[in-house]
Amino acid sequence: MANINAFIKDDVILGAVLKANAYGHGAKYTAKTLYNHGVKYFLVATLLEAIQLRNENANYQLLVMGHTPDDYLHHLINYNIIGTVFTLDQARLLNKLAYKKGTQAKVHLKIETGFNRLGMQINEENIQDILQMSQMNHLDIQGAFTHLTLKSKDSDLNQYNMFMDLISTLEAKGIHIPVKHVCDSIGMALYPEFHLSMVRVGALLYGLQSEDKGIIDVKPILSFYTKPSCIKKIFSGESVSYGNRWFAKNDTIIATLPFGYADGFPRTLYQKSFVTIHQNKYPIVGAICMDQCMIDLGISSEVTTNDAVEILGPYNNIEDFAQLVGTNKNDIVSGFAARIPRVYIKDQKICHIENEIL
Ligand SMILES: *Cc1c(COP(=O)(O)O)cnc(C)c1O
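Structure report, in brief. Note that the structure is predicted; figures quoted are calculated from it, not measured.

Criteria and thresholds
- Residues numbered from 1 in each chain as written.
- Predicted model: local features only at pLDDT ≥ 70, side-chain atom pairs only at ≥ 80, totals over all residues.
- Heavy atoms only, no water.
- Helix = DSSP H or I, 4+ residues; strand = E, 2+ residues; numbered from the N terminus.
- Buried < 20%, exposed > 50% of the residue type's maximum accessible area, 1.4 Å probe, protein only.
- Contact = heavy atoms within 4.5 Å.
- Areas by Shrake-Rupley, 256 points an atom, 1.4 Å probe, with all protein chains shown as cover.
- Near = heavy atom within 4 Å.
- Polar contact = N/O pair within 3.5 Å; in protein donor to acceptor, adjacent residues only side chain to side chain.
- 1 Å grid on protein atoms, 1.4 Å probe; cavity = no way out; pocket = protein on both sides within 12 Å on 5 of 7 lines; lining within 4 Å.
- Sits in = over half its atoms within 2 Å of the grid points.
- Phe/Tyr/Trp six-rings, centres within 6.5 Å; stacked < 30°, edge-to-face > 60°.
- Lys NZ or Arg CZ within 6 Å of the ring centre and 35° of its normal.
- Pairing = 2+ DSSP bridges.
- Patch = residues over 30% accessible without salt bridge, like charges linked within 9 Å, V, L, I, M, F, W, Y side chains within 5 Å.
- Salt bridge = Lys/Arg side-chain N within 4 Å of Asp/Glu carboxyl O.
- Points joined across faces, edges and corners; volume = space filled by probe spheres on them.
- Nonpolar A, V, L, I, M, F, W, Y, C, P; charged D, E, K, R; others polar.

Before going further, it helps to spend a moment on the overall build of the protein chain. Counting its secondary structure elements, the protein chain contains 11 helices and 20 strands. For the protein chain, the spread of C-alpha atoms along the three principal axes comes to 80 × 45 × 40 Å. A burial count over the protein chain gives 48% of its 358 residues as buried. Nonlocal contacts in the protein chain, meaning residues at least 24 apart in sequence, comprise 61% of its contacts between residues at least 6 apart. Summing over all exposed atoms, the protein chain offers an accessible surface of approximately 18,000 Å²; the carbon and sulfur share of this is 50%.

Below, the structure written as structure tokens:
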């Protein structure tokens, strides 16, 4: 995090993006750790993600970057969560709900500049709408943001300029937007001149960045380990898993591992993937099941049920893994299921274990 902080000026807010269970890293403990290091602004995709964090700490600043359905808007007010608004209708509704509660609803405006996902398109009618919103007594417009497509420097600059032109137009009409932000991790690394009041950093926090755009010195912080649940010898010609699709060519030893596609390990890696035990690679054999899979240890293996099995880590890096699956790294880590216990390490010691139930 020091490397990220060194990259932004002191007056720029480091907004930590904790959506999708902090990209699979566990939102609650990640938030707590960051908070203890001075980060106070947390961004998530959905209302429920924000409420989960609010239940942890009343002092977190929480922004839902995605859409909140009308029926759920009152929760933003009740839980003191900043919502994202891009229609006059929702602004009116929030204003009304906040009026009833005798408070103000906090929002950021989402501005459309070319990503064409969420946001108000920039035109006269919408500027009039923002003017109306700014006059609502129970609506506190704390910020405004847009999202870059990161196609090229030219197109990103064009989006930035569209956004800033709108901000100037609003300023000229007496509307001051305190917290302005456009950069995600890559935008932050590429364009220091676009940082404005806040950067929205997700992937980089977890040490994930695209190789071609990597400028900041970070390393992936997540590894994925298990232990064999069962080890057995099978004879030449015996098969493993559903459909008997894999046959042992010789007598061999098979270890069962307690993870499967429901844990976020892609089922499509059938016959393609390996795990590492004591620096040796072993192939996953047979169909990957929902909760388990099997590896072929070979007949002379001395692996026991006490040995650590690395699925991702120093020997199986996330770049290669994502490439094997044909996707990006965020897709892999954010897919890891909530049921997998998260083990946090500090100074080479376990400092916390998080699971859903215990
Ligand atoms: C997910 C998200 C981010 C964070 O993106 P990273 O590339 O992971 O830093 C920033 N802004 C918005 C609007 C997002 O949805």
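On to the site of the ligand. Near the ligand you find Val17, Lys19, Tyr23, Met65, Arg117, His147, Asp184, Ser185, Arg200, Val201, Gly202 and Ala203, and these make up its full shell. Between an oxygen atom of the ligand and a main-chain N or O atom of Gly202, the distance comes to 2.9 Å. Separating an oxygen atom of the ligand from a backbone N or O atom of Ala203 is a distance of 2.7 Å. Surface burial for the ligand is 88%, taken as the share of its 390 Å² of free accessible area covered by protein chains. A molecule is said to occupy a pocket when more than half its atoms come within 2 Å of that pocket's grid points, and by this definition the ligand occupies the second largest pocket.

Moving on to the packing of aromatic side chains. Summed over the entire model, instances satisfying the criterion amount to 10 aromatic pairs. Aromatic pair Phe265 and Phe321: ring centres 5.5 Å apart, planes at 55°, arrangement tilted. One end of the pair, Phe265, is in the loop between strand S14 (252-257) and strand S15 (274-277); the other, Phe321, is in helix H10 (residues 318-325), with 56 residues separating them in the sequence. Its relative accessible area of 2% is what places Phe265 among the buried residues. Counting every residue linked through ring pairs, the aromatic cluster contains Phe224, Phe259, Phe265, Phe321 and Phe336. Across from the ring centre of Tyr270, 4.6 Å away, lies the NZ or CZ of Arg245, which sits over that ring.

Attention now goes to the environment of Ala308. Mapped onto the elements of the fold, Ala308 is located in the loop between strand S17 (293-296) and strand S18 (309-312). Residues Ala308 and Val182, 126 residues apart in the sequence, show an inter-C-alpha distance of 42 Å. For Ala308, the contacting residues outside a window of four places in its chain are Tyr225, Thr226, Thr276 and Ile277.

A few words on the pairing of strand S20 (residues 349-354). Where strand S19 (residues 342-346) and S20 come together, five bridges link them in antiparallel fashion. Bridge pairing in S20 links Ile345 to Ile350.

Here the phi dihedral of Ala22 falls at roughly 55°; this positive angle occurs in a residue that is not glycine. Along the polypeptide, Ala22 turns up in helix H2 (residues 19-23). Phi is positive for Asn80, which is not a glycine, with a value near 55°. Checked against the element boundaries, Asn80 lands in the loop between helix H5 (73-78) and strand S4 (83-85).

Now for the environment of Leu205. With respect to the helices and strands, Leu205 occurs in the loop between strand S9 (198-201) and strand S10 (224-226). With relative accessibility at 14%, the residue Leu205 sits in the buried group. Sequence spacing of Leu205 and Gly326 is 121 residues, and the spatial spacing of their C-alpha atoms is 23 Å. Setting aside anything within four residues of it in sequence, one finds Leu205 in contact with Ile4, Ala16, Val17, Leu34 and Ile221.

Nonpolar side chains collect at one region of the surface, where Val343, Ile345, Ile350 and Ile353 lie side by side and expose about 390 Å² of accessible area between them. For the nonpolar patch, the elements supplying multiple residues, two or more each, are S19 and S20. Among the structural elements, Val343 can be located in strand S19. Val343 sits in the partly exposed class, given a relative accessible area of 43%.

Here the focus is the pattern of salt bridges. Applying the stated criterion to the full structure yields six salt bridges. Measuring nitrogen to oxygen at the nearest pair gives 3.6 Å for the salt bridge that ties Glu354 to Lys28. You can see Glu354 sitting in strand S20 and its partner Lys28 sitting in helix H3 (residues 27-36), a full 326 residues away along the chain. Across the pair Asp263 and Arg339 runs a salt bridge whose closest N-O atoms are separated by 2.6 Å. Residue Asp263 is found in the loop between S14 and S15, and its partner Arg339 is found in the loop between helix H11 (329-334) and S19; the two are separated by 76 residues along the sequence. Here the residues in one salt-bridge network are Asp263, Asp291 and Arg339, joined through shared partners.

The next point concerns the layout of surface pockets. Approximately 1,700 Å³ is the volume found for the largest pocket. Around the largest pocket, the lining is made up of 41 residues, and of these Ile221, Leu222, Val343, Tyr344 and Ile345 lie nearest the centre. The residue makeup of the lining of the largest pocket, split by class, is 23 nonpolar, 10 polar and eight charged. In this model, the second largest pocket occupies a volume close to 790 Å³. Around the second largest pocket sit 32 residues that line it, and Tyr23, Asp184, Ala203, Asn328 and Asn330 are the ones nearest its centre. At the level of secondary structure, the elements contributing two or more residues to the lining of the second largest pocket comprise H2, helix H9 (185-190), H10 and H11. With four residues, H10 is the largest single contributor of residues to the lining of the second largest pocket. Residue composition of the lining of the second largest pocket, grouped by class: 13 nonpolar, 10 polar and nine charged.

Without other data, these values stay purely geometric and don't point to any function.
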